[in-house]
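# Understanding the architecture of this molecule
Residues per chain, in single letters:
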Amino acid sequence: MRNRIFYGIFSVALLVLVASMVLIFSALYTQYSKEYEKSLQNEAYLVAAAIRHTGSGYFSDLKVDKRYRITYIARSGKVIYDTSVDASKLPNHASRPEVKEAMKTGYGSDTRYSKTLSEKTSYSAVRMEDGRVLRVSITQFTLLTLLLRLMKPILLVLLLTIMTSLLLASRISHRIVKPINEIDLDAPTENMIYPELEPLLVRMEEQNNMLNQRIDKLRGDVDEKTREAEFRKEFTANVSHELKTPLTSISGFAEIMKNGIVRSEDVGKFAGRIYEEAQRLIVLVDDIIKLSQLDENQITAKKERLDLYGVAEEVFYTLDAAAKGMDVKVDLSGKHVHVDGVYQIIEEIVYNLCDNAIKYNKKGGTVRVSTGMAEGRPYICVKDTGIGIPQEDLDRVFERFYRVNKSHSKEIGGTGLGLSIVRHGAAYHNADIRIQSRLGEGTEITVLF
Ligand code: ADP
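Below is a summary of the structure that appears in this document. Small disclaimer: the values here were computed from a predicted structure and weren't measured. (Residues numbered from 1 in each chain as written. Predicted model: local features only at pLDDT ≥ 70, side-chain atom pairs only at ≥ 80, totals over all residues. Heavy atoms only, no water.)

## Some remarks on the pairing of strand β4 (residues 119-127)
As a general feature of sheets, a regular strand has side chains that alternate between the two faces. With seven of nine residues buried, β4 lies mostly within the body of the structure. Where strand β3 (residues 107-113) and β4 come together, seven bridges link them in antiparallel fashion. From the neighbouring strand, Ser-109 faces β4, where its bridge partner is Ser-124. In this structure, the hairpin formed by β3 and β4 is closed by a connection of five residues, where Leu-117 is found at a positive phi of approximately 65 degrees. Adjacent in sequence and paired antiparallel, β4 and strand β5 (residues 133-141) are bridged by five residues, among which Gly-131 carries a positive phi angle near 90 degrees. (Buried < 20%, exposed > 50% of the residue type's maximum accessible area, 1.4 Å probe, protein only. Helix = DSSP H or I, 4+ residues; strand = E, 2+ residues; numbered from the N terminus. Pairing = 2+ DSSP bridges.)

## A look at the pattern of salt bridges
Evaluated as defined, the whole model comprises 23 salt bridges. Between Glu-98 and Arg-112 there is a salt bridge, with the nearest N and O atoms lying 2.9 Å from each other. In this pair, Glu-98 sits in helix α2 (residues 97-105) while Arg-112 sits in strand β3, placing the two residues 14 residues apart along the sequence. By relative accessible area, Glu-98 is classed as buried at 0%. What makes Arg-112 partly exposed here is its relative accessible area of 23%. Residue Arg-368 is joined to Asp-331 by a salt bridge in which the shortest nitrogen-to-oxygen separation is 3.6 Å. Highlighted residues: Arg-368 in strand β9 (residues 366-374) and Asp-331 in strand β7 (residues 329-334), separated in sequence by 37 residues. Accessibility expressed as a relative area gives 47% for Arg-368, which makes it partly exposed. (Salt bridge = Lys/Arg side-chain N within 4 Å of Asp/Glu carboxyl O.)

## A look at the packing of helix α8 (residues 343-359) against helix α10 (residues 418-428)
Running from N to C, α8 and α10 cross one another at 145 degrees; their axes reach a closest spacing of 9 Å. As for the relative orientation of α8 and α10, their crossing is left-handed in sense. Contacts from Ile-345, Glu-348, Ile-349, Asn-352, Leu-353 and Asn-356 of α8 reach α10 at Gly-418, Leu-419, Ile-421, Val-422, Gly-425, Ala-426 and Tyr-428. (Axes fitted to C-alpha atoms, helices over the stretch in contact; angles between N-to-C directions. Left-handed = near helix turned anticlockwise from the far one by under 90°. Contact = heavy atoms within 4.5 Å.)

## Remarks on the site of the ligand
Around the ligand there are 20 residues in total, and Asn-356, Tyr-360, Ser-409, Thr-415 and Leu-419 lie nearest to it. Side-chain polar atom of Lys-359 to an oxygen atom of the ligand: 3.3 Å apart, as the coordinates give it. Measuring from an oxygen atom of the ligand, one finds a backbone N or O atom of Gly-416 at 2.8 Å. Notes on the ligand: free accessible area 530 Å², of which the protein chains cover 97%. (Near = heavy atom within 4 Å. Polar contact = N/O pair within 3.5 Å; in protein donor to acceptor, adjacent residues only side chain to side chain. Areas by Shrake-Rupley, 256 points an atom, 1.4 Å probe, with all protein chains shown as cover.)

## Observations concerning the environment of Leu-117
Its place among the elements puts Leu-117 in the loop between β3 and β4. In this structure Leu-117 comes out as exposed when scored by relative accessible area, which is 51%. Taking C-alpha positions, Leu-117 is 8.3 Å from Leu-144, a pair spaced 27 residues apart along the chain.

## Here's the deal with the packing of aromatic side chains
All told, the structure shown has eight aromatic pairs when counted by the stated rule. Geometrically, the ring pair formed by Phe-59 and Tyr-72 is tilted, given 5.4 Å between the ring centres and 45 degrees between the ring planes. Taken as a pair, Phe-59 in the loop between α1 (2-54) and β1 (68-73) and Tyr-72 in strand β1 lie far apart in primary sequence, 13 residues in all. With a relative accessible area of 5%, Phe-59 lands in the buried category. (Phe/Tyr/Trp six-rings, centres within 6.5 Å; stacked < 30°, edge-to-face > 60°.)

## Section: the state of the cysteines
Simply put, disulfide is the name for a covalent bond between the sulfur atoms of two cysteines. According to the stated counting rule, one finds zero disulfides in the structure shown. Not engaged in a disulfide, the cysteine Cys-381 finds its nearest cysteine sulfur in Cys-354; these two sulfurs lie 10 Å apart. (Disulfide = S-S within 2.5 Å.)

## Some thoughts on helix α7 (residues 308-326)
The sharpest bend along α7 measures roughly 55 degrees and falls at Leu-319. Looking only at α7, the buried set comprises Leu-308, Tyr-309, Gly-310, Val-311, Ala-312, Val-315, Phe-316, Leu-319 and Ala-323. The inward-facing, buried residues of α7 contact β6 (304-307), β7, β8 (338-341), α8, β9 and β10 (377-384). Sitting at the amino-terminal end of α7 is Asp-307, which places a side-chain oxygen 3.1 Å from the backbone nitrogen of Tyr-309. Positive phi appears at Asp-327, one or two residues downstream of α7, with a value of about 60 degrees. (Bend = angle between axes of the 7 residues up to and from the residue.)

## Quick word on the packing of α7 against α8
To characterise two packed helices, one gives the angle between the axes of the helices and the distance between these axes. Running from N to C, α7 and α8 cross one another at 35 degrees; their axes reach a closest spacing of 9 Å. Every pair of crossing elements has a handedness; the one defined by α7 and α8 is right-handed. Where α7 abuts α8, its residues Leu-308, Val-311, Ala-312, Glu-314, Val-315, Phe-316, Thr-318, Leu-319, Ala-322, Ala-323 and Met-326 lie against Tyr-343, Ile-346, Glu-347, Val-350, Tyr-351, Cys-354, Asp-355, Ile-358 and Lys-359. Its residues assigned to classes, the contact of α7 with α8 shows 15 nonpolar, one polar and four charged. (Nonpolar A, V, L, I, M, F, W, Y, C, P; charged D, E, K, R; others polar.)

Have a look at this one:
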């Protein structure tokens, strides 16, 4: 680019110089030629006047510059006198254009070039009263000869100008290109040095933004993939661990029974423990399946219009025995509000929230479930007077297998997946979850659809 600017400036400077030289020379030359011709005409009249006064004697002691020539021509065209050539040797001049014209009109002029075109001669002829013609001429160099003769100074000027334009072109191109090279490509629009570059810089900025967005997205995708991979790894480890504990118990009890170590009256008790652990396994595997279905969006059931109050009523029916067993009072209030949802998932959300509210309650405590509209959206709220959740655990209880008190949760049959299923189920329905809890006082969880 710098070279192009450099050569551009240089060739324009050179062209302008040569063109202006030619123009100035030819204008000056034309002007001078005209002036010469005019003065030649005056001189012709002056010489004619002098001859009129002094007669032919005028020529006797005449000294003329060799570029000038004065010719005196008889009416017949015969040359009577000539300042540079012997008149008797000159041919008849009657046919010369300027002489012919002067004889006819009183004045005539002409310009003729030498054979080599290096010189031109201008003629001015005046007719005298006696019919004779006085002709004055001057020989000058032609423009071409003049240029050739002035070649040395012209070349010198040209050389000087070429050098100056080379220097200037180099400096100017450097000055033009420097700020372009210094453009900060990370923030092109902050470098609006030339208005002509504005569209280009704006496009560069747009492309930068686009690229950054793509890079951010790719980074985000990679981060998410890494997070997902870690998540899966952790989940698999957790699942194996959760499955292993009941299986070890089952295997242990079964082994003791197989070896016949168990007294016959204890067989029922051992079989009962095996049954309990197997039940725990079934619930766990069930929860894992539900979670992975939600996780991989494998829900086949279609969404339908569901009454949240109605769903809560059915859940209450299922949990009635559990609540009574825990000596917890359950209460349902509110309006029949509707959501578009998958019955299984909504029921699972309400079930898990109510189940937790009963499980983590105190003897004689209560669970209040309410449905209605808030912020223009249908909601269900489950509030208990139970043990509460410490503030630092509030965010974590929705993670898979996270339990505030592991042994207590396991004791009461928790899988650690209930709230995780609630979170995924809510996300599937674009619902928000809000949780409030006070340790020792109770917990309130609202799902806002
Ligand atoms: P779990 O099957 O162990 O109940 P969840 O995912 O349903 O698992 O809940 C995660 C943990 O959050 C529970 O182990 C418990 O410590 C705490 N938690 C959930 N609901 C309540 C509640 N209503 N009151 C107190 N703690 C709760």
